[in-house]
Amino acid sequence: MNPTEAVPNTAIMALGPARVLSPLERKDPADGHWTSDEDRVVISVNPDDLMATIKDGETIPAFEMAGPRRKIYFDPSKLRCALVTCGGLCPGLNDIIRAIFLELYFNYGVKKINGIRYGLQGFIPRYGHDIMELTSESVSRILDMGGSILGSSRGPQPIEEIIDSLERMNIGILFMIGGDGTLMAATLIADAILARNLKIGVVCIPKTIDNDIYLVARSFGFDTAVDEATRAIRAAHNEAVGYPNGIGLIKLMGRHSGFIAATAALAKQEVNFVLVPEVDFDLEGEGGFLNSLEERVRDRGHAVVVVAEGAGQKFFAQDDRGRDPSGNIRLKDIGVYLKEKIADHFQALGVDATIKYIDPSYLIRSREANANDSVFCGNLGREAVHAGMAGKTRLLIGHWNNNFVHIPMAASAGKRKKIDPNGRLWRTVLDATGQGPLKNPGRV
């Protein structure tokens, strides 16, 4: 969290007092197993921030810690839950589904667990999507599968129809797995539930391959995405060094945040240029990207370039891009654009350059989670169940300062985490690549 940003309200809403003894008490009655609502994880670990807050007599800003509560709100024997996956595919979706099911079914004793098919469309009768009754058999072999066994969809759906569907199915807890658009939808759903005075909890598990969820240090799927992206970088490097004046160009995910591009470049330090949405660059001119690329190829005989999909959008007309079903501005293809510009630049120089372009986006999105992400997903799913069973609502499960925490939807939805151009991550990228600012002299 940037020090200049306002401290969020971290209070977590509950459906009512928790009076039911948790079934986990019978499995492990030891006091060390339980988390209290008073347990906290501080937002800033900077000693100066903490001392200033204490000196001013204020409460240190902190998130509520996630974990099992000794007393819960719902009676598991009478509870029905629903899971839905929304937005783009991401490694780890099936791991989340399985973890939620196993925790609900075997540890809490909840026997009625519905999977909603194809995202929010699954709630709307006119689409005709069947409900998937989740069972031990249906989730037993899904960890090695990419995608989501529930399917997904993009775009908004009528909120009141979603609430009607939840009422008809007698759902007590809705688990929503998705990115920023899903968090926005979940907030609207929770508001509508509150307006109807219904006792339905809404718990989100933030999903984005871009790792750009605000106030979430790490999102699932990111580790797998970086892992797979390094394969593309290795292939591009092999192609580049295999030809005179060879150039490997890789486009990676990152609509607004370049975390995958930056992290993959650091993991596989064969990259010479990293272009991300947060850092402006010029194409033409003495200090621009094309001249810098020319110098690199002239000096070393090859180059590798990584570009995030949201980088360089200033080079396109801004009024003809339109929006996708989720309301996001449609990005122009910076990868193809750069390939053409690079080819034109070297052709004008009379240099025979070989450009190999790789776009592994959907190979990454649809693959299964790697070991690190799979473990992380299991923890996220279990913490989501603990929160839901305790009657907590309007929250997402986040990871902060090496702990799982409860984050209010209002504190995160509609905001985005980005690379700080003056921060350590980007400075490390500049050190590793040696690329320089990629701006014309005189530009700030």
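Throughout what follows, the structure given in this document is the object of discussion. (Residues numbered from 1 in each chain as written. Predicted model: local features only at pLDDT ≥ 70, side-chain atom pairs only at ≥ 80, totals over all residues. Heavy atoms only, no water.)

Concerning the environment of V110
Part 1: By secondary structure assignment, the location of V110 is in the loop between α3 (93–108) and β7 (112–116).
Part 2: Spatially, the C-alpha atoms of V110 and S77 are 6.0 Å apart, while their sequence positions differ by 33 residues.
Part 3: Other than its neighbours up to four places away in sequence, V110 contacts P76, L79, C81, L104, Y105 and M389. (Helix = DSSP H or I, 4+ residues; strand = E, 2+ residues; numbered from the N terminus. Contact = heavy atoms within 4.5 Å.)

Quick look at helix α8 (residues 259–267)
Part 1: Of the residues making up α8, those classed as buried are F259, I260, A261, A262, A264 and A265.
Part 2: Buried-residue contacts for α8 involve α7 (222–241), β11 (246–252), β12 (273–275), β13 (302–308) and α14 (424–433). (Buried < 20%, exposed > 50% of the residue type's maximum accessible area, 1.4 Å probe, protein only.)

Here's the deal with the sheet that holds β12
Part 1: The four strands lie next to each other as β12-β13-β11-β14, forming an open sheet whose pairing is parallel. This sheet does not close on itself; its edge strands, each paired only once, are β12 and β14 (354–358). The mean angle between the axes of side-by-side strands here comes to 15°, regardless of whether they run parallel or antiparallel.
Part 2: In this structure, β12 lies alongside β13, joined through three bridges in parallel fashion. Paired with L275 across the bridge in β13 is V307. (Pairing = 2+ DSSP bridges. Axes fitted to C-alpha atoms, helices over the stretch in contact; angles between N-to-C directions.)

As for unusual backbone geometry
Part 1: Look at N245: it is not a glycine, yet its phi comes out positive at around 55°.
Part 2: On the secondary structure map, N245 appears in the loop between α7 and β11.
Part 3: On the accessibility criterion, N245 (23% relative accessible area) is partly exposed.
Part 4: Of note, N402 is a non-glycine position whose phi angle comes to about 65°, a positive value.

Things to note about the sheet that holds strand β16 (residues 395–400)
Working definition: the strands of a sheet are paired by backbone hydrogen bonds and lie parallel or antiparallel to each other.
Part 1: Spatial strand order, β3-β4-β17-β16-β10-β9-β6-β7-β8: nine strands in an open sheet with mixed pairing. Each having just a single partner strand, β3 (40–42) and β8 (131–133) make up the two edges of the open sheet. Between one strand axis and the next, the sheet turns by 35° as a mean value, whatever way the strands run.
Part 2: With six bridges joining them, strand β9 (residues 173–178) and strand β10 (residues 201–206) adopt parallel strand pairing. Within β10, the residue paired with I173 across the bridge is G201.
Part 3: Its contacts with the sheet put helix α12 (residues 371–389) on β9, β10, β16 and β17 (403–408), and the angle it makes with β16 is roughly 135°.

So yeah, pure geometry; function would need other evidence.
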